[in-house]
Amino acid sequence: MRRIYFDHNATTPVHPEALKAMLPFLGATYGNPSSIHFLGREARAALDDARERVAKLLGAKPGEIVFTGSGTEADNHAIAGAVGALKGEVGHIVTSPVEHHAVLHTCEHLRQHGGVDVTVLPVNGDGVVNPDDVRRAIRDDTALVSVMWANNETGALQPVREIGAICRERGVLFHTDAVQAFGKVPVSVSDVPVDLLSISGHKVYGPKGVGALWIRPRVKIESLLHGGSHENDRRAGTENVAGIVGFVRAAEITTSRVETEDVRLRALTERLWQGLSTRIERVRRNGPADRRVANTLNVSFAGCKSDALLMSLDLEGIAVSSGSACAVGSLKPSGVLLAMGLGEELANAAVRFSLGAATTEADVDAVVEAMPAIVARLRSFAA
Ligand code: PLP
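Residues numbered from 1 in each chain as written. Predicted model: local features only at pLDDT ≥ 70, side-chain atom pairs only at ≥ 80, totals over all residues. Heavy atoms only, no water.

### What about the site of the ligand?
The ligand sits among 13 residues. The nearest are Thr-72, Asp-177, Gln-180, Ser-200 and Lys-203. Here an oxygen atom of the ligand and a side-chain polar atom of Gln-180 are 2.8 Å apart. Between an oxygen atom of the ligand and a side-chain N or O atom of His-202, the distance comes to 2.8 Å. In isolation the ligand offers 390 Å² of accessible surface; the protein chains occlude 89% of this area. The residue makeup of the shell around the ligand, split by class, is two nonpolar, eight polar and three charged. (Near = heavy atom within 4 Å. Polar contact = N/O pair within 3.5 Å; in protein donor to acceptor, adjacent residues only side chain to side chain. Areas by Shrake-Rupley, 256 points an atom, 1.4 Å probe, with all protein chains shown as cover. Nonpolar A, V, L, I, M, F, W, Y, C, P; charged D, E, K, R; others polar.)

In structure tokens:
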């Protein structure tokens, strides 16, 4: 059976060149980068090189990069670290309801256990934050604003430049979760007024279990992990050298193709939307048609349930998701779609199609072919 993978926002396959770059560090070059002997020095050289290269991709300096064990860890480190740096003073965080759970649950944890006050901003029908709402939400005790660059469920791009400018004007730290933006749109910390930025390996054709947090110089945040003096004393734990090397190689390849892939994937997601919306009635496109990362299309099929759609597509060899992969298994509707004003029924009827580097027109056409019968069958059960 043909297999079509339309779930690249959940994860991406490792690029063969990234795998090739990693292999020596899973084999003969196995040293610990903290060891001073020759094997350690080889690993250290690879780590230093990877740090320099990823810094260059972000328009940053190598010393500003902290490699982490995931995008989730980078988000936790940024937010909990900023609150930790308040040294016990009661603080306030501003965030949005469309953030990944790595941000939302960290804020919620700090609210429950750290006495931190959290403001969750409204979003418009496309899931986009209004910068004026950020301005209004900032208080004298606000430690941090955390708003993502691109949304994982709808692809919506947030006005990070405007939000960053407001934060700078008010002297408040700005963290952005760029996990879904990096490799899909140009992401540079020299262009956007941001203080903390998270990225992840497995969304850019690198391996899972590796990410990075960029920290602007002189920004004081507490470490999340305590132990050795790795990562310039900012993140204890022996570095995942193979993972880091693979992540950075993949990131170089993926970011070098941002512009061409944007055009190609935008045409493919439009073709998918045109195909679905002309052949199937009562469909709704969720999120902005234009200001989005090009690979993502989120559609609600009224009268169907997301999980039934997912399973039916799965039987035909088509892999999609209903939204945040972490929410799979729970039947709760997507919080992102609810925040955008969708009712429970439409929020529970959504499918996220996220295309990638290997996606072809033929893949899109096969999904467009398969979908009408699936939707008609599920609607007939519901009727
Ligand atoms: N932030 C966003 C926007 C994501 O989409 C994800 C992964 O789905 C993460 C953070 C977490 O990254 P990781 O899977 O590397 O922990």
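Past the structure itself, the notes keep going.
### Topic: the domain arrangement of the chain
Quoted interface sizes are often the accessible area lost when the parts come together. Domains assigned within the chain are domain 1 (4–12 + 259–382) and domain 2 (16–256). The distance between the C-alpha centroids of domain 1 and domain 2 comes to 28 Å. Carbon and sulfur atoms make up 52% of the area that domain 1 and domain 2 hide from each other, which totals about 2300 Å². In this structure, the connection of domain 1 to domain 2 is made through zero salt bridges. For the pair domain 1 and domain 2, the interface holds 14 residue pairs in polar contact (both at pLDDT 80 or more). Residue assignment for the side of domain 1 that touches domain 2 shows that the elements contributing at least two residues are α9 (258–279), β10 (296–301) and α11 (335–339). Taken together, the residues of the side of domain 1 that touches domain 2 break down into nine nonpolar, 15 polar and five charged. (Domains from an automatic or database assignment. Buried area = accessible area lost by both parts, 1.4 Å probe. Salt bridge = Lys/Arg side-chain N within 4 Å of Asp/Glu carboxyl O. Helix = DSSP H or I, 4+ residues; strand = E, 2+ residues; numbered from the N terminus.)

### Details of the sheet that holds strand β5 (residues 142–146)
If you trace the seven strands from one edge of the open sheet to the other, you get β2-β8-β7-β6-β5-β3-β4, paired in mixed fashion. The open sheet terminates on both sides in strands that have one partner only, identified here as β2 (65–68) and β4 (117–120). Pairs of neighbouring strands in the sheet enclose a mean axial angle of 20 degrees, with direction left out of account. Bridge count between strand β7 (residues 196–200) and strand β8 (residues 211–215): five bridges; the pairing is antiparallel. What sits directly across from Leu-197, in β8, is Trp-214. Contacts from helix α2 (residues 38–58) reach β2, β7 and β8, with the element oriented near 115 degrees to β2. (Pairing = 2+ DSSP bridges. Axes fitted to C-alpha atoms, helices over the stretch in contact; angles between N-to-C directions. Contact = heavy atoms within 4.5 Å.)

### Notes on the environment of Trp-214
You can see Trp-214 is positioned in strand β8. Considered as a pair, Trp-214 and Phe-67 are 147 residues apart in the sequence and their alpha carbons are 8.6 Å apart. Not counting residues up to four positions away in its chain, the partners in contact with Trp-214 are Leu-58, Ala-60, Glu-64, Ile-65, Val-189, Val-194, Asp-195, Leu-196 and Leu-197. A distance of 2.8 Å separates polar atoms of two side chains, one belonging to Trp-214 and the other to Glu-64.

### Quick look at empty space enclosed by the protein
On inspection of all chains with the given rule, the structure shows one cavity of 30 Å³ or more. The calculated volume of the largest cavity comes to roughly 30 Å³. Elements that contribute at least two residues to the lining of the largest cavity include exactly β9 (283–286) and β10. Considering each element in turn, the lining of the largest cavity owes the most residues, three residues, to β10. Across the lining of the largest cavity, the residue classes tally to two nonpolar, five polar and two charged. (1 Å grid on protein atoms, 1.4 Å probe; cavity = no way out; pocket = protein on both sides within 12 Å on 5 of 7 lines; lining within 4 Å. Points joined across faces, edges and corners; volume = space filled by probe spheres on them.)

### Comments concerning the nonpolar core
Membership of the largest hydrophobic core comes to 53 residues, with the highest contact counts inside it found for Phe-67, Val-145, Trp-149 and Leu-197. With five residues, the single largest contributor to this core is α2. Residues from two domains meet in this core; each of domain 1 (4–12 + 259–382) and domain 2 (16–256) gives at least three. If we skip the residues at most four places from it in the chain, Val-145 touches Val-94, Val-134, Ile-138, Ile-163, Cys-167, Val-172, Leu-173, Phe-174 and His-175. If you look at the next biggest cluster of nonpolar residues, it comprises 30 residues, including Phe-301, Val-368, Ala-370 and Leu-378. (Core = buried A, V, L, I, M, F, W, Y, C linked by side-chain atoms within 4.5 Å. Buried < 20%, exposed > 50% of the residue type's maximum accessible area, 1.4 Å probe, protein only.)

### Considerations on the side chain of Glu-99
Position of Glu-99 among the secondary structure elements: in the loop between β3 (92–95) and α4 (101–114). As a buried residue without a salt bridge, Glu-99 has its nearest oppositely charged side chain in Arg-291, at a separation of 13 Å. A polar side-chain atom of Glu-99 sits 2.8 Å from a polar atom in the side chain of Ser-96. Only 3.0 Å separates the side chain of Glu-99 from the backbone nitrogen of Met-148, close enough to count as a polar contact. Excluding residues within four positions of it along the chain, Glu-99 makes contact with Leu-104, Ser-146, Val-147 and Met-148. (Lys, Arg positive; Asp, Glu negative; His and termini not counted.)

### Details of the pattern of salt bridges
Working definition: two side chains of opposite charge can pair if their charged atoms are close together. Taken as a whole and judged by the stated rule, the model has 24 salt bridges. We note a salt bridge from Asp-7 to Arg-352, for which the minimum N-O separation is 3.1 Å. On the criterion of sequence distance, the pair formed by Asp-7 in the loop between β1 (4–5) and α1 (16–26) and Arg-352 in strand β12 (residues 350–354) is long-range, its members being 345 residues apart. Classification of Asp-7 by relative accessible area gives buried; the value is 12%. As a salt-bridge pair, Arg-44 and Asp-48 come within 3.9 Å of each other at their nearest N and O atoms. With Arg-44 and Asp-48 both in helix α2 and four residues apart, this pair spans about one turn of that helix. Residues participating in the shared-partner salt-bridge network are Glu-17, Asp-49, Arg-53, Arg-249 and Glu-252.

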